[in-house]
Each structure stands twice: as structure tokens, then as C-alpha cells.
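Per-entry structural report
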Amino acid sequence: MMKKIQKINLMFFLLFVAFCTILLYVLGMDFLGRQEKPWHLQPSVHEDSLSVAYTSQYQIYDKIRMIDQVGDSSKRKVLILVDAWGVPTDENLLAEDFSLFAEMPHKYGLHQRLANRTKHAELVEYRNNDTTGLYMFGGDSLKYDRKGYIPTLGYREMLFCDSCSDSVMTLKLDSVLVNAEKSVIAWTTQDSRLGDRGKLHRTLTRIAALAKKYPDVQFIVQGAHRPILGMPEIRRMHKSHWVPVVILN
């Protein structure tokens, strides 16, 4: 009789353990499913596909560097990567961005970018075979090891200005264009890195004014990547692997 009771108790215990295991698994799965993933791991809907409005209205450029696709060999060139300037899912927002360049010779387009990192964009776009080129950045030369990899792209001269705003760097670029016959100048902005559209527009307006001042210089202006450092909702407002591009003069 005692053995029979022990077997029954053991059976109930095993059933209880199995029930608890299943319950914890189900609750755990539900708990995990309810947890919000880190913003940079969250999926976005249609973030890589371009709308018909985009493909019909703008020139589409592939992943190779823009200077190879649109560069004018007869002109000096200024290559500008605008930090956190991506292609919005709302076409009207990009139209607002592009409108800042409307009063001068221009071409608008969308450029494929394979990675959402400024270093990736610089490694792709700034490769330079002319050793008279100049690289400019309004920050520390050690940030992301720029002092190490920028020279490998062909730039013997580098101009770093620790904690300098885009307005200050625009003035420095103006001075370089006046006083030096550099065939290629590369500048990476940073004011708009958190996805602030007000700061973005101020930087783009300064670039437009500078390009208008130098009609004999070709400006190739493009986004480095979509906003990735600001709020998650700002990131989700942009295509994942597309950036705007403007060719001036």
C-alpha cells in the first residue's frame, strides 16, 4: 500500500514539474515577445524599398562612389558627406531638403549605401588618387581612427578642428577654396548626426551658399547614412540603405 502511495505521489510530482516547466516556457516566450528589442535591432517595414514616386522623380545611383558616376574631370571637386542625412519614407521631407539647392545648377538623386556607418561612407566615397587632396573634419583626429585610415585613401593633408561646428568648418572650406588649388577636398559634417532636421537644413543651406559662390567647383553632396544615433522613431522614418545626393555646378 505504501509503495502504491509513493508511486502516486511521484506521478503527481512529475506531472506538477512538467506543468510548471510548460507554464514557465509559455510565460517566458510571451514575456520575451513583449519585450521591446534595442532600437537598432528592431525591424522596419519597407525600409529598403523605394517608392514609385522616388524612382520616377530622381536619378538612382548604385553603391559605387559618386565621383566615378558623376565627377567632372575638368573641375575642382568638393566631396561632402552630411552626417545622418538619409532618404525619408515621406517623399515630401526629401523635397524640402532638396529645395534648399533649387536656385543653382543641380541634379538630385538617391544613392545606395550598404552600411549605416560614417566610416564606411568615407572609405567608399573619399578614395582619392590625387595626392594633392585635403580632408576636413570638425572633430578629434582620433575619433574612429580617422588619423589612421584617411591617409590610406590618398589624402596627404588633413584639417581637424576639435569640436568645431559645421558653420565654422564652412568658413574654413571657403578659405581653402580661395587660397589653395586643391583638386579634391573632402569634408564630413557632424551637426546633424542626431537626426535634427533644423540643424540639417542649416548645414545644407550653408553648403548651397558656398557652392553658389564657386560656380567653377563641382560639389558632390550626399548623406553619410540615415540617422542612427537619435531617437528610434527618427531612424524608422528613413530608408535603411539609401541616402540623398545633390550634384552642384
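You'll find the structure just up there.
This one's a predicted model, so the numbers in the text were calculated from it and none came from an experiment.

This brings us to the packing of helix 4 (residues 91-99) against helix 8 (residues 197-213). Remark: helix 4 packs on helix 8, axes separated minimally by 9 Å, with the N-to-C direction vectors making an angle of 35°. Contact residues: helix 4 offers Leu-93, Glu-96 and Asp-97, while helix 8 offers Arg-197, Leu-200, His-201 and Leu-204. Within the contact of helix 4 with helix 8, the residues separate by chemical class into three nonpolar, one polar and three charged.

This part takes up the pattern of salt bridges. Pairing between side chains of opposite charge can happen when the charged atoms of each approach one another. For the structure shown, the criterion picks out nine salt bridges. In this structure, the salt-bridge partner of Glu-181 is Arg-76, at a minimum N-O distance of 3.9 Å. One end of the pair, Glu-181, is in the loop between helix 7 (166-179) and strand 6 (184-188); the other, Arg-76, is in strand 2 (residues 76-82), with 105 residues separating them in the sequence. You can call Glu-181 exposed: its relative accessible area is 69%. Look at Arg-76 and you get buried, because its relative accessible area is 15%. Residues Asp-174 and Lys-213 are paired through a salt bridge, measuring 2.9 Å at the closest nitrogen-oxygen approach. Here Lys-213 lies in helix 8 and Asp-174 lies in helix 7, a separation of 39 residues in the sequence. Judged by its relative accessible area of 15%, Asp-174 falls in the buried class. Residues joined by salt bridges that share partners form a network here, namely Glu-96, Asp-97 and Arg-197.

Okay, the pairing of strand 6 next. With respect to burial, strand 6 is a largely interior element, five of its five residues being buried. The two faces of strand 6 match: Val-184, Ala-186 and Thr-188 on one face and Ile-185 and Trp-187 on the other face are all buried. Here five bridges tie strand 2 to strand 6, and the two strands are oriented parallel to one another. By the bridge assignment for strand 6, Leu-79 is matched with Ala-186.

Moving on to the nonpolar core. One finds Trp-85, Phe-101, Leu-177 and Phe-219 to be the most contacted residues of the largest nonpolar core, which totals 38 residues. It is helix 8 that contributes the most residues to this core, six residues altogether. If near-sequence neighbours (up to four positions away) are discounted, Leu-177 is found in contact with Arg-76, Val-78, Ile-185, Leu-210, Tyr-214, Val-217 and Phe-219. Counting 20 residues, the second-largest nonpolar core is a separate cluster that includes Ile-67, Leu-81, Ala-121 and Ala-224.

Here three bridges tie strand 1 (residues 59-61) to strand 3 (residues 106-112), and the two strands are oriented parallel to one another. Considered in strand 3, the bridge of Tyr-61 is made with His-111. In this sheet, strand 8 (residues 242-248) lies alongside strand 3 in antiparallel orientation, the contact comprising seven bridges. Directly across from Tyr-108, in strand 8, lies its bridge partner Val-246.

Okay, the packing of helix 7 against helix 8 next. In helix packing, the relevant descriptors are the interaxial angle and the interaxial distance, both defined with respect to the helix axes. Between helix 7 and helix 8, the shortest axis-to-axis distance is 10 Å and the interhelical angle comes to 15°. Here helix 7 lies roughly parallel to helix 8, going by the angle between them. Viewed along their axes, helix 7 and helix 8 form a crossing whose handedness is right-handed. Across the interface between the two elements, Asp-166, Ser-167, Thr-170, Leu-173, Asp-174 and Leu-177 of helix 7 pack against Thr-203, Arg-206, Leu-210 and Lys-213 of helix 8. Here the residues of the contact of helix 7 with helix 8 are counted per class, giving three nonpolar, three polar and four charged.

Reading the values: rules and limits
Residues numbered from 1 in each chain as written. Predicted model: local features only at pLDDT ≥ 70, side-chain atom pairs only at ≥ 80, totals over all residues. Heavy atoms only, no water. Axes fitted to C-alpha atoms, helices over the stretch in contact; angles between N-to-C directions. Helix = DSSP H or I, 4+ residues; strand = E, 2+ residues; numbered from the N terminus. Contact = heavy atoms within 4.5 Å. Nonpolar A, V, L, I, M, F, W, Y, C, P; charged D, E, K, R; others polar. Salt bridge = Lys/Arg side-chain N within 4 Å of Asp/Glu carboxyl O. Buried < 20%, exposed > 50% of the residue type's maximum accessible area, 1.4 Å probe, protein only. Pairing = 2+ DSSP bridges. Core = buried A, V, L, I, M, F, W, Y, C linked by side-chain atoms within 4.5 Å. Parallel < 35°, antiparallel > 145°, perpendicular 65-115°, else oblique. Left-handed = near helix turned anticlockwise from the far one by under 90°.

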